[in-house]
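Residue-level structure breakdown
One-letter residues, chain by chain:
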Amino acid sequence: MTPLIDRLNRYPIGLVDSARLRQILSCLFDDTEAFVGSCFPLHEATLGELAERTGRSPEDLLPVLERMADKGLVMDMAFGGTTYYLLVPGLIGFMEFTFMRRRTDLPLTDLARLMSEYLQENGQAGQAGEFFGSRTQLTRALVHDEHIPVSSHITAYEDARRIIEEADFCAVTLCYCRHKKEHLGEHCRKGAPVEDICMVLGEGARFLVRRGFARERDKASLLETLAYARSLGLTHVTDNVRERPSFICNCCRCCCELMAGVQMGFDEGIAKTPFLAEIDPSRCDYCGACLKTCNVKCIGVAAAARQRPGAARFAAVDPAVCLGCGACVAVCEQGAIHLVERPRRPRPPRTRGQLFGRILWEKGRLWPFVLDRMKRLLP
């Protein structure tokens, strides 16, 4: 598995080597698939190019690639009559795809346990640090826009509804996190469903539908799902880009791996919205509703109220952790919570290429991609 791990670690988000990772990869890749995966270039490749890199005939290689695409390990894309193949990253990638459909071809209970343990082992030095530790975040939160101040505005890329409306293809899928928890005997304490709650968009969604990981839906259906997610107090998370985000996940505090990363101490692990929740102590009766709703657990008793009796306590938001999603606003019957604008408005990278380039630069991994691009441009 070492060559495959080395290849996967050339992505912006790699996979930290460990015994658990090797068990996971051994469940997902057979020996032939692991070898083929290790031979992939850093860009998409044709069947002929991959045959040359692997030393296998196209006739021998094609069923392997088809099998890998059916498993979500390789993405296939058709352009101009030619099919191109791309090795899928581990995260966000084939680990999520593994639990984005009901299946019997894999030991899902064992994989659920291994993946959960893998994502939590070794803290900053482990996979959580690899995923959440960059200065540039891979994902960002979206605000419940009905709660923004009347004097404020959000841009199209900050508006979950607009992201859906501007997508050229829409689909829904199982929630990877809740499906994984289901195999561990756990269920969402907010009552969020496993089925048809997370959204995929654009070219990636076409691949997922074609290979049975997602189901196509129209935009009206996705907007209804978005409203349903808000009614459950879920936080919307998408790609940290301004153009053509590829997904919107609807995340809870108890199941979501992204929310768990912030709860583990990676305060900047998810890019924040332009807003911040604030609590008016004169209105707050410390009922606890917002504490139970906050998906990153950033609300607690205010420092100034800790020594007071229960009836005199009030809550406060930790501004260093708050995503500014606004999920807490609707549950406050006292009207004590409101959103305010942050002093500095976050601005995501424009494209996914720029996002990945920033992360690769920060991790010292950009040079192989520069060389790869130069080789492709040479005659």
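Everything numeric in this text was worked out from a predicted model, so none of it was measured. (Residues numbered from 1 in each chain as written. Predicted model: local features only at pLDDT ≥ 70, side-chain atom pairs only at ≥ 80, totals over all residues. Heavy atoms only, no water.)

Considerations on the sheet that holds strand S6 (residues 198–201)
The strand order S4-S8-S9-S6-S5-S7 describes an open sheet built from 6 strands, whose pairing is antiparallel. Where the open sheet ends on each side, the last strands, each with one partner, are strand S4 (139–142) and strand S7 (215–216). By the bridge criterion, 4 bridges tie strand S5 (residues 170–173) to S6 in an arrangement that is antiparallel. The residue bridging Cys 170 from the neighbouring strand is Leu 201, located in S6. Relative to S6, helix H11 (residues 202–210) is tilted by about 110°, and along the sheet it contacts S5, S6 and S7. (Pairing = 2+ DSSP bridges. Helix = DSSP H or I, 4+ residues; strand = E, 2+ residues; numbered from the N terminus. Contact = heavy atoms within 4.5 Å. Axes fitted to C-alpha atoms, helices over the stretch in contact; angles between N-to-C directions.)

Here's the deal with empty space enclosed by the protein
Under the counting rule described, the total for this entry stands at 3 cavities of 30 Å³ or more. The volume enclosed by the largest cavity comes to roughly 110 Å³. Lining the largest cavity are 16 residues, and of these Cys 294, Cys 298, Cys 322, Cys 325 and Cys 328 lie nearest its centre. Across the lining of the largest cavity, the residue classes tally to 11 nonpolar, 5 polar and no charged. Considered as a void within the structure, the second largest cavity measures approximately 80 Å³ in volume. Lining the second largest cavity we find 15 residues, and of these Cys 284, Cys 287, Cys 290, Cys 332 and Ile 337 sit closest to its centre. Among the elements that take part in the lining of the second largest cavity, helix H14 (residues 289–293) stands out by supplying 3 residues, more than any other. Residue classes in the lining of the second largest cavity are distributed as 12 nonpolar, 2 polar and 1 charged. (1 Å grid on protein atoms, 1.4 Å probe; cavity = no way out; pocket = protein on both sides within 12 Å on 5 of 7 lines; lining within 4 Å. Points joined across faces, edges and corners; volume = space filled by probe spheres on them. Nonpolar A, V, L, I, M, F, W, Y, C, P; charged D, E, K, R; others polar.)

Thoughts on helix H3 (residues 31–38)
Three or more residues of H3 are buried, namely Glu 33, Ala 34, Val 36 and Gly 37. The buried side chains of H3 occupy one side of the element, clustering within an arc of 165° when seen end-on. On its buried side, H3 packs onto helix H1 (2–8), helix H2 (19–28), helix H4 (47–54), helix H5 (58–70) and strand S3 (82–87). Two or three places before Thr 32, at the start of H3, stands the capping residue Asp 30, its side-chain oxygen 3.1 Å from that residue's backbone nitrogen. (Buried < 20%, exposed > 50% of the residue type's maximum accessible area, 1.4 Å probe, protein only. Arc of directions from axis to C-beta. Polar contact = N/O pair within 3.5 Å; in protein donor to acceptor, adjacent residues only side chain to side chain.)

Side note on the layout of surface pockets
Volume-wise, the second largest pocket comes out at about 520 Å³. Surrounding the second largest pocket, 24 residues form its lining, Gln 137, Ala 271, Lys 272, Arg 344 and Pro 346 being those nearest its centre. Among the residues forming the lining of the second largest pocket, the class breakdown is 11 nonpolar, 4 polar and 9 charged.

Focus on unusual backbone geometry
With omega at -15°, the peptide bond leading from Leu 91 into Ile 92 counts as cis. Mapped onto the elements of the fold, Ile 92 is located in helix H6 (residues 90–98). Of note, the phi angle at Arg 244 is positive, near 50°, even though the residue is not glycine. With respect to the helices and strands, the residue Arg 244 is situated in the loop between strand S8 (235–239) and strand S9 (247–251). One non-glycine residue, Tyr 286, lies in the positive phi region at around 55°. Among the residues examined, Tyr 286 registers a relative accessible area of 23% and is labelled partly exposed.

Considerations on the side chain of Ser 134
With respect to the helices and strands, Ser 134 occurs in the loop between helix H8 (127–132) and S4. Residue classification places Ser 134 among the buried residues on the basis of a relative accessible area of 11%. Ignoring anything within four residues of it in the chain, the contact list for Ser 134 reads Ile 359, Glu 362 and Lys 363.

Focus: the pairing of S8
Buried residues dominate S8, accounting for 5 of its 5 residues. With 4 bridges connecting them, S4 and S8 associate as antiparallel partners. Counterpart to Thr 139 in the pairing with S8 is Asp 239. The pairing of S8 with S9 spans 4 bridges and is classified as antiparallel. The partner of Val 237 across the bridge, within S9, is Cys 249.

Let's talk about the pattern of salt bridges
Inspection of every chain in the model, using the stated rule, returns 33 salt bridges. With a closest N to O distance of 2.9 Å, Glu 130 and Arg 365 form a salt bridge. Of this pair, Glu 130 sits in helix H8 while Arg 365 sits in the loop between helix H15 (352–362) and helix H16 (366–377), and the two are 235 residues apart along the sequence. A relative accessible area of 11% means that Glu 130 is categorised as buried. Note that Arg 283 is salt-bridged to Asp 280, the shortest N-O span being 4.0 Å. One network of salt bridges, with partners in common, ties together Glu 66, Asp 70, Asp 76, Arg 210 and Arg 211. (Salt bridge = Lys/Arg side-chain N within 4 Å of Asp/Glu carboxyl O.)

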